[in-house]
Amino acid sequence: MALFSSPDPHHLLLSFLVLLLSLLFCFIKLRSSKTVLNLPTEWPLVGMLPSVVANLHRFHDYTTAFLAASGSSFVFRGPAMHFFLTCDPANVRHIFVSNFTNYPKGEEFGAIFDAMGNSFFNADGESWRRQRGRVQHLMSSPQLLAYMARCCRDKLEKGLLPFLARMESLTPFDMQDLFTRFTFDMTAMSVFGVDPGLLTTDRPPVIVPDAMEAVMDVGFFRNMVPASCWKLMKRLKIGPERKLAAAQWELCRFVTEMMEKRGDGSVHMDEEQENSNVDIVSSYIHDPEYIDDHGKPNGFMYATLINYMFAGRDTVGTTLTWLFYNLIKHPHIMSSIRRELAPIAMHKANNSTTMVTFEPEEIEPLVYLHAALFESMRLYPPGPIERKMVMTDDVLPSGHKVQRGETILISLYSMGRMEGVWGKDCTEYRPERWVKEDGKLLYVPSYKFLAFNAGPRSCLGKHISVVQMKSVVAAMVWNFDFEMVGGYVVEPKPSVVLKMKNGLWAKILKRRIE
Ligand code: HEM
């Protein structure tokens with residue numbers, strides 16, 4: 001039988017070549033299909049929308065995967081939608097810094113976040129410039145800064161630490177909920193001079209923070225669907241639009257309540273506060289642009305105060321939650337922070353019953369704590385996406401052409417996870433990358449570390465919030481041990497603010513410091 005006869009060398013060589021070519025073909029096919037898998041499929045009529053919708057639950061990781069596969073920039077085409085998506089620092093520098101005036105937020109941005117009115121978050125051009133000048137002046141007032149620091153300290157010492165002490169070794173609790181309450185009270189105190197009292201042991205319902213979250217969730221939804229679609233839903237008052245309308249009503253009710261509490265003398269002001277009129281609202285209350293003919297706050301005032309609440313609350317609360325997630329997952333980093341705190345803590349009353357807290361001037365120079373904070377914000381920026389509009393046709397440093405009226409989405413979340421930007425270990429939480437050989441903090445340009453925004457629109461609360469967050473983390477890490485509770489997934493929610501979908505459940509123990 002020919003089949004079992006001795007093989008002809010020509011046949012053998014031919015078979016070997018066929019096998020080799022087949023393997024090569026499979027390898028190439030697998031490689032190319034892996035790349036294609038990471039990119040959204042484009043369908044007739046509906047474009048790439050189905051792929052995005054199918055991956056909406058893991059939107060930030062999904063966009064990171066296809067940005068990595070496409071060299072940091074990508075054109076998204078959907079039905080009546082066209083976005084340029086990028087996380088390339090050279091593009092970011094061009095858009096946010098060098099050609100800032102060609103990339104405003106645009107009218108559609110204002111429509112998407114209509115709950116914020118025409119105040120600084122939504123404004124462009126001259127209106128934004130004027131408002132920013134005013135906020136900048138306010139945020140550099142030593143009285144206001146001292147007052148904001150006092151609000152943080154009060155909430156930490158009289159609210160957060162006693163709350164944690166009472167929770168000790170009891171059932172697990174959600175740290176995200178805790179930080180929501182803490183930052184909400186603290187921000188409302190800075191803005192209105194009123195403590196809404198959400199951080200108490202009876203834990204009242206978080207109605208207003210939930211309304212703020214709804215604004216951000218629906219803002220994300222509006223970004224992801226054709227404008228005509230959400231505008232129709234808004235007119236019909238259905239779906240997420242119904243939820244948003246209720247949230248907007250709740251926010252206005254909250255501002256009215258806070259203003260009434262200020263006005264009716266039910267706010268307890270200490271002597272210093274009364275003499276200096278320092279909270280944020282005090283600097284607007286007599287300005288004709290912000291009050292109506294009867295001296296009552298007008299719509300612009302409402303919008304401005306709501307903007308301040310968003311600026312201070314969501315950002316700080318979200319940052320603290322992800323930072324604790326990273327610290328609990330990396331106990332050696334928590335220990336390194338304690339080692340940095342030890343020489344300061346040594347000089348303080350330190351026994352098992354008193355809580356140790358740290359002064360801002362003690363905390364500011366701490367490099368490792370700072371590095372741990374920024375490293376967490378690199379991987380989990382509280383605002384994971386930015387949106388800009390193109391004023392006139394332009395060519396970006398990546399070589400992509402953008403046209404007037406086009407929308408650009410910038411993924412901060414993805415930028416923190418690009419090998420080309422942060423190296424092969426880009427997905428690892430490693431504060432050491434921020435510390436130079438001489439022990440000083442590494443300077444990273446804001447177009448590469450965009451968490452506080454870059455260029456003329458950069459965050460005006462960066463310095464104060466960094467000091468506040470460092471003080472809170474120092475006190476919590478020094479006084480307590482934390483343990484994460486298993487059995488659920490920690491992942492970001494698809495929203496404009498990077499909150500955790502299922503919260504951060506942990507147990508807590510008072511640290512025994514010998
Ligand atoms: C973790 C803390 C914070 C982070 C990560 C952060 C981040 C940002 C970002 C990304 C923007 C740009 C938003 C945009 O234009 O789309 C911004 C703007 C701003 N932030 Fe912050 N922020 C933080 C805390 C604060 C605090 C505590 C305040 C003060 C109450 C504040 C005040 C502002 C203001 C007034 C702007 C508007 C700047 C402008 O449009 O010109 N921020 N911030």
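Residues numbered from 1 in each chain as written. Predicted model: local features only at pLDDT ≥ 70, side-chain atom pairs only at ≥ 80, totals over all residues. Heavy atoms only, no water.

The chain appears in an unreviewed UniProt entry as Cytochrome P450 from Triticum turgidum subsp. durum. Listed under Cofactor (unreviewed entry) in UniProt, the entry text for the chain is "heme". (UniProt positions renumbered as here; feature names shortened; annotations may be inferred.)

Once that is clear, we can look at the UniProt feature "binding site: heme" (unreviewed entry) in the chain. Residues annotated by UniProt as "binding site: heme" (unreviewed entry) correspond here to Cys-459. Inspection of the secondary structure puts Cys-459 in the loop between α18 (419–422) and α19 (462–479). Contact partners of Cys-459, with chain neighbours within four places excluded, come to Phe-452 and Asn-453. (Helix = DSSP H or I, 4+ residues; strand = E, 2+ residues; numbered from the N terminus. Contact = heavy atoms within 4.5 Å.)

So, on to the sheet that holds strand β7 (residues 407–411). In space, the 4 strands of this open sheet follow the order β1-β2-β7-β4, with mixed pairing throughout. Two strands bound the open sheet, and with one partner strand each, they are β1 (73–78) and β4 (385–389). Across the sheet, the axes of successive neighbouring strands diverge by a mean angle of 25 degrees, strand direction being ignored. Contacting β1, β2 (81–86) and β7, helix α3 (residues 59–69) runs over the sheet at an angle of about 75 degrees to β2. Packed on one face of the sheet, helix α9 (residues 207–224) meets β2, β4 and β7 and runs near 110 degrees to β2. (Pairing = 2+ DSSP bridges. Axes fitted to C-alpha atoms, helices over the stretch in contact; angles between N-to-C directions.)

As a further point, take the nonpolar core. Core analysis: the biggest nonpolar cluster contains 152 residues, and Met-175, Phe-192 and Met-476 have the highest contact counts within it. Residue contributions to this core peak at 16 residues, all from helix α13 (residues 299–329). If we skip the residues at most four places from it in the chain, Met-476 touches Leu-160, Leu-161, Leu-164, Met-175, Phe-179, Phe-324 and Phe-482. (Core = buried A, V, L, I, M, F, W, Y, C linked by side-chain atoms within 4.5 Å. Buried < 20%, exposed > 50% of the residue type's maximum accessible area, 1.4 Å probe, protein only.)

A word on the environment of Phe-221. Tracing the chain through its elements places Phe-221 in helix α9. Sequence-wise, Phe-221 and Ile-112 are 109 residues apart; in three dimensions their C-alpha atoms are separated by 9.2 Å. Not counting chain neighbours up to four residues away, the residues in contact with Phe-221 comprise Trp-230, Met-233 and Pro-240.

Once that is clear, we can look at the state of the cysteines. Applying the stated criterion across every chain, the model contains 0 disulfides. The thiol of Cys-152 is not disulfide-bonded; the next cysteine sulfur, from Cys-151, is found 8.6 Å away. Of the residues examined, Cys-152 reaches a relative accessible area of 4% and is grouped as buried. (Disulfide = S-S within 2.5 Å.)

Time to look at the packing of aromatic side chains. Evaluated as defined, the whole model comprises 25 aromatic pairs. An angle of 35 degrees between the planes, with centres 5.7 Å apart, marks the rings of Phe-179 and Phe-324 as tilted. Placement of the pair is Phe-179 in helix α8 (residues 175–192) and Phe-324 in helix α13, with a sequence separation of 145 residues. The pair Phe-179 / Phe-324 is uniform in exposure class, with both members buried. (Phe/Tyr/Trp six-rings, centres within 6.5 Å; stacked < 30°, edge-to-face > 60°.)

Turning next to the site of the ligand. Around the ligand sit 24 residues, and of these Lys-105, Trp-128, Arg-132, Asn-453 and Cys-459 come closest. The separation between an oxygen atom of the ligand and a polar side-chain atom of Arg-132 is 2.7 Å. Glu-386 is positioned with one of its side-chain polar atoms (N or O) 3.0 Å from an oxygen atom of the ligand. In terms of residue count, the dominant contributor to the shell around the ligand is α13 (5 residues). For the shell around the ligand, the class distribution of residues is 14 nonpolar, 6 polar and 4 charged. (Near = heavy atom within 4 Å. Polar contact = N/O pair within 3.5 Å; in protein donor to acceptor, adjacent residues only side chain to side chain. Nonpolar A, V, L, I, M, F, W, Y, C, P; charged D, E, K, R; others polar.)

Oppositely charged side chains can pair when the atoms bearing their charge come close. Summed over the entire model, instances satisfying the criterion amount to 31 salt bridges. For Asp-287, the salt bridge is made with Arg-134, and the minimal N-O distance between the two is 2.4 Å. Of the two residues, Asp-287 is situated in the loop between α12 (271–276) and α13 and Arg-134 in helix α6 (residues 125–139); the sequence distance between them amounts to 153 residues. One salt bridge in this structure joins Glu-213 and Lys-499, with 3.4 Å as the shortest N-O distance. (Salt bridge = Lys/Arg side-chain N within 4 Å of Asp/Glu carboxyl O.)

In a regular helix each residue adds 1.5 Å, so 26 residues correspond to 38 Å; helix α7 (residues 142–167) covers 36 Å between its end C-alpha atoms and thus fits that length. The sharpest bend along α7 reaches about 40 degrees and sits at Leu-156. Phi turns positive one or two residues past the end of α7, at Ser-169, with a value near 55 degrees. (Expected span 1.5 Å × (residues − 1). Bend = angle between axes of the 7 residues up to and from the residue.)

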